[in-house]
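# Structure at a glance
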Amino acid sequence: MPAIPRTAERTVVADDFLAAGFAARATVAAGRLLLDLRMQHEEGLGPGGAKLAQLGRTWSGLLLRNRIRARYPRDGVLTGPASRPPDALRRRRVWLVEPLDSAEEYHADGNPHWSVRLALWERERGVVAAAVAVPALCEVVCTADRDAGWRHPSPVPRPRPRVVVDTRDPAPFARTVVRQTGAELVPMGSPGAKTLAVVQGDADAYIHTTGAWDWGDEALFRVADAAGLQVTRLAAAEEGRPGPRRGSGPAAAPLALICRPRLTRTFLAAFAGHGIRPAAALPDPRARPASPSAE
């Protein structure tokens, strides 16, 4: 592969940095809209329950798509969960939109653990920029943190590490791994909120077993990597591919571990006892990995 000229490489880095900043601002704006809709419900001026979540998802998605089309009119847009990969749109760049991550938490009174995700996929490079916002906690993290040379401070080590898992349907082995490592189990809803809990120091690890859209999960992995966390995709030893998967079909989700680097070996040793080992390292977007195959 021919070497990339330095000027072109600097341009790529700058473009990624600007895209990540745009993603952060857009997710914050969508989060404010969602908070306004939730406040209207609390004041008796709007619907609640599933209707509130549906309304929030619709308006948040519309805001994000309009911002993308105004700033990047040539880029494609996919709103998750999508059954097709981004390269199916035949665009060089595609924005992956998750306008409301965890509708159940959003329409539950007082629950802050829902999020908004936005990522930019580029052909032959994969996901190059991403942002995750948890509006109810006034938190947003994006991949520009790494390019700016900034890291979230590591919290003081706890006597027992805190591990966040899915509230409704954690994998059975996840509880076993947490117990074997002597960690504290912390159920939480939104994958975006769980990722930011580790980034911000409220937790030490996240066992990712949920999510209906594999490409949407890339935003979580990129943001965690940019914050200095270790991201490890896991696979059953006999399969050699990301997994194990809960259920079957396109909605089944792979397993991944997001944690502080000092704890990686401890958790991987516990997973190995269940026949689950690292599947592959998180690819660097600047390394130009192969484009995902169309389904």
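Each chain carries its own residue numbering, running from 1 in the direction its sequence is written. Local features in a predicted model are, by the rule used here, given only for residues with pLDDT of at least 70; side-chain atom pairs are given and counted only at 80 or more, and totals for whole chains, interfaces and linings are based on all residues. The side-chain figures draw on all heavy atoms in the structure; neither hydrogens nor water molecules are used.

### Some details on the overall build of the chain
- Only DSSP runs of H or I with at least four residues qualify as helices, and only runs of E with at least two residues qualify as strands; both kinds are numbered from the N terminus onward. Of the regular secondary structure elements, the chain holds eight helices and 11 strands.
- Each residue is assigned to one of three classes by its accessible area relative to the maximum for its type, calculated with a 1.4 Å probe on protein chains only: buried under 20%, partly exposed between the two thresholds, exposed over 50%. A buried classification covers 51% of the 295 residues belonging to the chain.
- Across the chain, every contact between residues at least 6 apart in sequence was considered, and the portion connecting residues at least 24 apart equals 67%.
- Here the chain has roughly 13,800 Å² of accessible surface; of this, 53% comes from carbon and sulfur atoms. Contacts: residue pairs with any heavy atoms within 4.5 Å of one another. Accessible areas in this description were obtained via Shrake-Rupley with a 1.4 Å probe; residue shielding takes into account the shown protein chains only.

### Section: the packing of aromatic side chains
- For this analysis, a ring pair means two rings from Phe, Tyr or Trp (six-membered ring only for Trp) whose centres lie within 6.5 Å, classed as stacked if their planes differ by under 30 degrees, edge-to-face if by over 60, and tilted for the remaining angles. Following the criterion strictly, the structure yields four aromatic pairs and no others.
- When the centroid spacing of 5.3 Å and the interplanar angle of 85° are considered together, the rings of Phe22 and Tyr72 count as edge-to-face. Here Phe22, found in helix α1 (residues 6-42), pairs with Tyr72, found in the loop between α2 (49-71) and β1 (76-79); they are 50 residues apart in sequence, far enough to count as distant. Each member of the pair, Phe22 together with Tyr72, is buried.
- Between Phe22 and Trp95, the ring centres sit 5.3 Å apart and the planes meet at 65°, which makes this aromatic pair edge-to-face. Of this pair, Phe22 sits in helix α1 while Trp95 sits in strand β2 (residues 93-101), placing them 73 residues apart in sequence.
- Overall, the relative accessible area of 8% leaves Phe22 in the buried class.
- Sitting over a ring, as applied to charges here, requires NZ of Lys or CZ of Arg to be within 6 Å of the ring centre and within 35 degrees of the ring normal. In this structure, Arg71 is placed above the aromatic ring of Tyr72, and the distance from its NZ or CZ to the ring centre is 4.6 Å.

### Describing the pattern of salt bridges
- In what follows, salt bridge is the name for a side-chain nitrogen of Lys or Arg lying within 4 Å of a carboxyl oxygen of Asp or Glu. By the definition in use, this model includes 12 salt bridges.
- Two residues, Arg117 and Asp217, come together in a salt bridge whose shortest N-O distance is 3.5 Å. Of the two residues, Arg117 is situated in strand β3 (residues 115-122) and Asp217 in helix α7 (residues 214-226); the sequence distance between them amounts to 100 residues. Residue Arg117 shares its accessibility class with Asp217, and that shared class is buried.
- When salt bridges that share partners are traced, they join Asp16, Arg92, Glu122 and Arg125 into one network.

### So, the sheet that holds β2
- At least two bridges found by DSSP between two strands is the condition for calling them paired. Spatially, five strands are ordered β1-β2-β3-β4-β5 in an open sheet, and the strand pairing comes out mixed. Strands at the two margins of the open sheet, each flanked by one partner only, are β1 and β5 (139-142). Strand-to-strand twist of the sheet, defined as the mean angle between neighbouring strand axes without regard to direction, takes the value 15°.
- Judged from the four bridges that link them, β1 and β2 form a sheet pairing that is parallel. Counterpart to Gly76 in the pairing with β2 is Val94.
- Lying over the sheet, α2 contacts β1, β2 and β3, oriented at roughly 155° with respect to β2.
- Packing against the sheet, helix α6 (residues 191-199) makes contact with β2, β3, β4 (126-134) and β5, and its axis sits at approximately 90° to β4. Under this scheme, a helix contributes an axis fitted over its contacting stretch, all axes are lines through C-alpha atoms, and angles between N-to-C directions fall in the 0 to 180 degree range.

### Concerning helix α8 (residues 264-272)
- Among all positions in α8, only Thr264, Phe267, Leu268, Ala270 and Phe271 are buried. End-on view of α8: buried residues confined to an arc of 155°, all on one side of the axis. Pointing more than 90 degrees away from the buried face of α8 are the exposed residues Arg265 and Ala269. In this context, the arc is that of the directions from the helix axis out to the C-beta atoms.

### Details of the side chain of Thr264
- Counting through the fold element by element, Thr264 comes out in helix α8.
- Every residue in contact with Thr264, bar those within four places of it in the chain, is listed here: Gln230, Thr232 and Cys259.

### Observations regarding a positive patch on the surface
- The residues that make up patches have over 30% relative accessible area and no salt bridge, and they are joined within 9 Å when like-charged or within 5 Å when they are Val, Leu, Ile, Met, Phe, Trp or Tyr. Think of it this way: Lys and Arg go in the positive column, Asp and Glu in the negative one, and His and the chain ends go nowhere. Think of each charge as sitting on NZ of Lys, CZ of Arg, CG of Asp or CD of Glu. A contiguous patch of positive charge, built from Arg25, Arg32, Arg67 and Arg71, is present on the exposed surface.
- Counting residues per element, the ones that place at least two in the positive patch are α1 and α2.
- Structurally, the position occupied by Arg32 is in helix α1.
- Given the relative accessible area of 57%, Arg32 is considered exposed.

### Observations concerning the nonpolar core
- We define the nonpolar core as a collection of buried residues of types Ala, Val, Leu, Ile, Met, Phe, Trp, Tyr and Cys that are connected through side-chain atoms lying within 4.5 Å of one another. Core analysis: the biggest nonpolar cluster contains 31 residues, and Leu96, Val164 and Ile258 have the highest contact counts within it.
- Contributing elements (two or more residues each) for this core: β2, β3, β4, β7 (184-188), α6, α7 and β10 (256-259).
- Counting residues per element, this core draws most heavily on α7, which supplies six residues.
- For Val164, the contacting residues outside a window of four places in its chain are Val186, Met188, Lys194, Val198, Ala203, Ala205, Tyr206 and Ile207.
- The next biggest cluster of nonpolar side chains, apart from the first, holds 30 residues, and it includes Ala20, Ala53, Leu100 and Tyr106.

### Considering the confidence of the model for the chain
- A score between 0 and 100, pLDDT records how confident the predictor is in each residue. Taken residue by residue, the chain gives an average pLDDT of 81. The fraction at 70 or more is 77%.
- The model gives residues 284-295 a pLDDT under 50, and that stretch makes 29 contacts with residues more than four places away or in other chains.

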